[in-house]
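An overview of the molecular structure
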Protein chains: 2
Amino acid sequence: MRKVKISDIASKAGVSISAVSFVLNGKEKEMRISKSVARKIRQVAKKEGYHPNRAAVSLRTGESKIIGLIVDTISGSFFSRLANVIETEAGKYGYKVIYGSTANGSEGSEQLLRILSQHNVDGYLVMPEARIESQIASLIKRKNPVVLIDSYFAKLGVPYVMVDNFQGVADGVSWLYEKGYRRIGFVGSDLDMVQMKDRVRGYSDTVKAKKLKIPKGLICETVYGMENTMLIRKIADYVKKMRPDALMFGANYLGVAGLEALTGLGMSVPADMGMVCFDDMDIFRLYPPGITAVEQPIHEIGHKAVEILMGEMGVIPVSVKKSIMIKGHLVERNSFRVG
Amino acid sequence: MRKVKISDIASKAGVSISAVSFVLNGKEKEMRISKSVARKIRQVAKKEGYHPNRAAVSLRTGESKIIGLIVDTISGSFFSRLANVIETEAGKYGYKVIYGSTANGSEGSEQLLRILSQHNVDGYLVMPEARIESQIASLIKRKNPVVLIDSYFAKLGVPYVMVDNFQGVADGVSWLYEKGYRRIGFVGSDLDMVQMKDRVRGYSDTVKAKKLKIPKGLICETVYGMENTMLIRKIADYVKKMRPDALMFGANYLGVAGLEALTGLGMSVPADMGMVCFDDMDIFRLYPPGITAVEQPIHEIGHKAVEILMGEMGVIPVSVKKSIMIKGHLVERNSFRVG
DNA sequence: TCACTTTGCTAAAACGTTTTAGCGAATTGA
DNA sequence: TCAATTCGCTAAAACGTTTTAGCAAAGTGA
């Protein structure tokens, strides 16, 4: 059951290796291989179960049919679900996904990128963290196809796909407003990426548009990477001090911590607090009354990211829009006080 | 900034390609390259930033330094967290992970395995579903290193790493017993894998050992792959009919559905029902009183799986135990009625 | 000193493809 | 009929490694 190679097909079909290669790569017209020979080759190849050795192809062509997926950490439902759709979408174009995380200490991002480049990776899908920016820049300089997901670096003109953070938060805050809340707080983080900044802006602008008088402190800025118990305490302190009547959370893990903080204070949603969270999670659906959340269109994000990357890689015609922003969807649940 | 290759190093160091290869692969002793030349070569290689083209290496040696991770679907917290640790653990040995899911329709498992084999994958980590058994068998027949995770196929003697399902459920049931419950039900699925069967056995044996009289019907067998709303209804009907005073759930998604079912019936945990779930989830920690669960030792599972696979692949000396079972840990929370 | 071994290195084949250049036969144009 | 073109295909180089076989110089034993 040795692996069958192109020369096997060539000899069994009584033709040259080149002929086989041409036919199997769809260049029979161009290379004028006759219909009959082409048919024969295809038939033999199928019968013998031929599939090209990717290493050889990669060596010869420099293409690996592999794309690299770089994430901070893949645990976390948003990432893992996205990874899943990326895998299927890439598969549709015949690409496999190899992924690496930059966070888990095993290797720095330069190391990771080097390894991926050693594997002749054809393109990169990156969910960036700030400290990777320079690496991305060097990828771009070397003409590597890159598409950023869920954030972007303003300076580099890298294509990106992201959710409309501003609009998402704005929708959430508006929903709370419509439900009658007037002292709406925001829990965000100090993460230095547009991602979070747009969310903060989504909050501030909306609150301004609704002509709510907000004390500055109604924004609770947590430290990114903060340990969970600290985070919970921070939110609890904020709630005790500022007494918002509703909270808009800027990220799913913040919402989760928020729930824990409220529980700790003996408060409950929606009796004592209105709530909306940016980015949905199972728990928001299951938590007793159901927590309204802004759902990220994961499927569309993954779909578009792969599509744009394929464009960059020359696999498909490049589309006009190299960067897109996708609207999130407000999933209304019962995290508001009635009447 | 062209990629530097071995011949560049050779010429800059004024030696042959072979010499460079020997030194950089640590065969200098064996191939008696002098200290001084070796030093020179290493120095030049470092300065020029040489890193071997993996495609070429792979073509020549047949090894890719890539392992294939095959899962049903990577979304789901257990899988994604496990994927994460596998990635880091594999990284420690210099291996990258390429993964493919069999479930999401894009490609069948034969197709997936073929593609991985085209990429010269060195070994496989598989979280099996029943229908992949024959494929695994053929991998084994072709002497491919394979380690199964979280289940095993009795017939094939494939190494595996799994959690002690029997013990985990037994611990959960015992906990409920200690809390005073005497009419403990079990919600499992008809999934035809040892995995689930051991859990059912863990329940039945424990219940028998405690000398509880259980009507047969206290086991609720759900259909694997059942649609969620159907699942919830099934559990609700079962609860209404059999009136257990506590429930042991055989899988995390079952526990979640169970919570929804109970909510639908106007019942709550722990006031109206004791509960333990096999396999922990965020929601069990966050759900108001906290649901006791059997936590799977994800880190250890991933660690061991990679270790055994490396043994199979000849990367490290093969350990005595090729298959291991790891104990889960009962995380006690407040899903029981006091007094 | 001479045969033999060891030392330190190199040449070249091989891995399985893709692709360029080109060759003989058939066809066309005049 | 003869030159020119087109047709249908093949030979061989190249991709960047690893590894086998072997060669010249130096060392060793007698």
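The rules behind the values
Residues numbered from 1 in each chain as written. Chains lettered and ligands numbered in written order. Predicted model: local features only at pLDDT ≥ 70, side-chain atom pairs only at ≥ 80, totals over all residues. Heavy atoms only, no water. Helix = DSSP H or I, 4+ residues; strand = E, 2+ residues; numbered from the N terminus. Rg over C-alpha atoms; globule rule 2.2 N^0.38 Å. Buried < 20%, exposed > 50% of the residue type's maximum accessible area, 1.4 Å probe, protein only. Least-squares fit on C-alpha atoms with pLDDT ≥ 70 in both. Contact = heavy atoms within 4.5 Å. Expected span 1.5 Å × (residues − 1). Arc of directions from axis to C-beta. Pairing = 2+ DSSP bridges. Axes fitted to C-alpha atoms, helices over the stretch in contact; angles between N-to-C directions. Near = heavy atom within 4 Å. Polar contact = N/O pair within 3.5 Å; in protein donor to acceptor, adjacent residues only side chain to side chain. Nonpolar A, V, L, I, M, F, W, Y, C, P; charged D, E, K, R; others polar. Patch = residues over 30% accessible without salt bridge, like charges linked within 9 Å, V, L, I, M, F, W, Y side chains within 5 Å. Areas by Shrake-Rupley, 256 points an atom, 1.4 Å probe, with all protein chains shown as cover. Salt bridge = Lys/Arg side-chain N within 4 Å of Asp/Glu carboxyl O. Lys, Arg positive; Asp, Glu negative; His and termini not counted. Charge placed at Lys NZ, Arg CZ, Asp CG, Glu CD. Buried area = accessible area lost by both parts, 1.4 Å probe.

Now for the overall build of chain A. Secondary structure summary: chain A contains 13 helices and 12 strands in total. Here the C-alpha radius of gyration of chain A, 26 Å, is well above what a compact globule of 339 residues would show, namely 20 Å. Projected onto the principal axes, the alpha-carbon positions of chain A cover approximately 85 × 40 × 40 Å. Of all 339 residues assigned to chain A, the portion counted as buried reaches 52%.

Mapping chain B onto chain A leaves a residual RMSD of 0.2 Å; the transformation is a rotation of 180° accompanied by 0.0 Å of translation along its axis. What the superposition gives is, in effect, a two-fold axis relating one chain to the other. Considering only C-alpha atoms, the part of chain B nearest the rotation axis is B:Ile98, at 2.2 Å. Comparing interface residues between copies, 100% of those in chain B also sit at the interface in chain A, which points to an isologous, same-surface contact.

This brings us to helix α3 (residues 35-48) of chain B. All names here are of chain B. The terminal C-alpha atoms of α3, which comprises 14 residues, lie 20 Å apart, in line with the 20 Å expected from a rise of 1.5 Å per residue. Within the span of α3, buried status applies to Ala38, Ile41, Val44 and Ala45. The buried residues of α3 all sit within an arc of 135° when viewed along its axis, so they share a single face. Across α3 from its buried face, at more than 90 degrees, point the exposed residues Lys35, Arg39, Lys46 and Lys47. As for α3, its buried residues are in contact with α1 (6-13) and α2 (17-24). Positive phi shows up at glycine 49, right after α3, with a value of about 70°.

This next bit is on the sheet that holds strand β6 (residues 184-189) of chain A. Residue and element names in this part refer to chain A. The strand order across the open sheet built from six strands is β7-β6-β8-β9-β10-β12, with neighbouring strands paired in mixed fashion. Whereas interior strands pair on both sides, the edge strands pair on one side only; in this sheet they are β7 (219-222) and β12 (329-331). Strand-to-strand twist across the sheet, computed as the mean angle between neighbouring axes with direction ignored, equals 15°. Where β6 meets strand β8 (residues 246-249), four bridges bridge the pair, whose relative direction is parallel. When the sheet's bridge partners are listed, isoleucine 184 is paired in β8 with alanine 246. Each of β6, β8, β9 (274-278), β10 (292-295) and β12 touches helix α8 (residues 165-178); the most contacted strand, β9, lies at about 170° to it.

Turning our attention to the protein's contact with DNA strand D. DNA strand D sits among 28 residues. The nearest are A:Ser34, A:Val37, B:Ser21, B:Lys27 and B:Arg60. Sugar and phosphate atoms form 56% of the subset of DNA strand D atoms that lie within 4 Å of the protein. Within the side chain of B:Lys27, an N or O atom sits 2.6 Å from a phosphate oxygen of DNA strand D. Those elements giving two or more residues to the surface near DNA strand D turn out to be α2 (17-24) and α4 (54-61) of chain A together with α2 and α4 (54-61) of chain B. Here the residues of the surface near DNA strand D are counted per class, giving 15 nonpolar, eight polar and five charged.

Not every one of the 28 residues close to DNA strand C is listed here, only the nearest: A:Ile6, A:Ser21, A:Lys27, A:Arg60 and B:Ser34. For DNA strand C, a phosphate oxygen lies 2.6 Å from a polar atom in the side chain of A:Lys27. At 3.0 Å from a base nitrogen of DNA strand C is found a side-chain nitrogen or oxygen belonging to B:Ser18. Only α2 and α4 of chain A together with α2 and α4 of chain B provide two or more residues apiece to the surface near DNA strand C. Its residues placed into classes, the surface near DNA strand C shows 15 nonpolar, eight polar and five charged.

To continue, consider the environment of B:Ser323. All names here are of chain B. Positionally, serine 323 belongs in the loop between α13 (298-312) and β11 (324-326). Residue classification places serine 323 among the partly exposed residues on the basis of a relative accessible area of 25%. Considered as a pair, serine 323 and proline 159 are 164 residues apart in the sequence and their alpha carbons are 4.8 Å apart. Filtering out sequence-adjacent residues up to four positions away, serine 323 remains in contact with Val158, Pro159, Tyr160 and Ile308.

Let us look at a positive patch on the surface. A cluster of like positive charges, contributed by A:Arg2, A:Lys3, A:Lys5, B:Lys141 and B:Arg142, occupies part of the molecular surface. Looking at where B:Arg142 falls in the secondary structure, it is placed in the loop between α7 (133-141) and β4 (146-149).

Let us look at the interface of chain B and chain A. Counting residues at the interface gives 50 residues for chain B and 50 residues for chain A. Taking both sides of the interface into account, the surface hidden between chain B and chain A amounts to around 4300 Å²; carbon and sulfur atoms contribute 61%. Considering only the surface of chain B that becomes buried against chain A, B:Lys96, B:Tyr99 and B:Leu286 emerge as the three largest contributors, covering 16% of it. On the surface where chain B and chain A come into contact, there are two salt bridges. For A:Arg285, the salt bridge identified is with B:Glu260, shortest N-O distance 3.3 Å. On the surface where chain B and chain A come into contact, there are 12 residue pairs in polar contact (both at pLDDT 80 or more).

Attention shifts here to the pattern of salt bridges. Per the counting criterion, the structure on display carries 26 salt bridges over all chains. We note a salt bridge from B:Glu89 to B:Lys92, for which the minimum N-O separation is 3.1 Å. Of this pair, B:Glu89 and B:Lys92 both sit in helix α5 (residues 77-92), three residues apart, roughly one helical turn. When its relative accessible area of 3% is taken as the criterion, B:Glu89 is described as buried. Of the residues examined, B:Lys92 reaches a relative accessible area of 59% and is grouped as exposed. A salt bridge links B:Lys327 to B:Asp164; the shortest N-O distance between them is 3.1 Å. Linking B:Lys327 in the loop between β11 and β12 (329-331) with B:Asp164 in the loop between β5 (160-163) and α8 (165-178), this pair joins segments that are 163 residues apart in sequence. Among the residues examined, B:Lys327 registers a relative accessible area of 53% and is labelled exposed. When salt bridges that share partners are traced, they join A:Lys12, A:Lys47 and A:Glu48 into one network.

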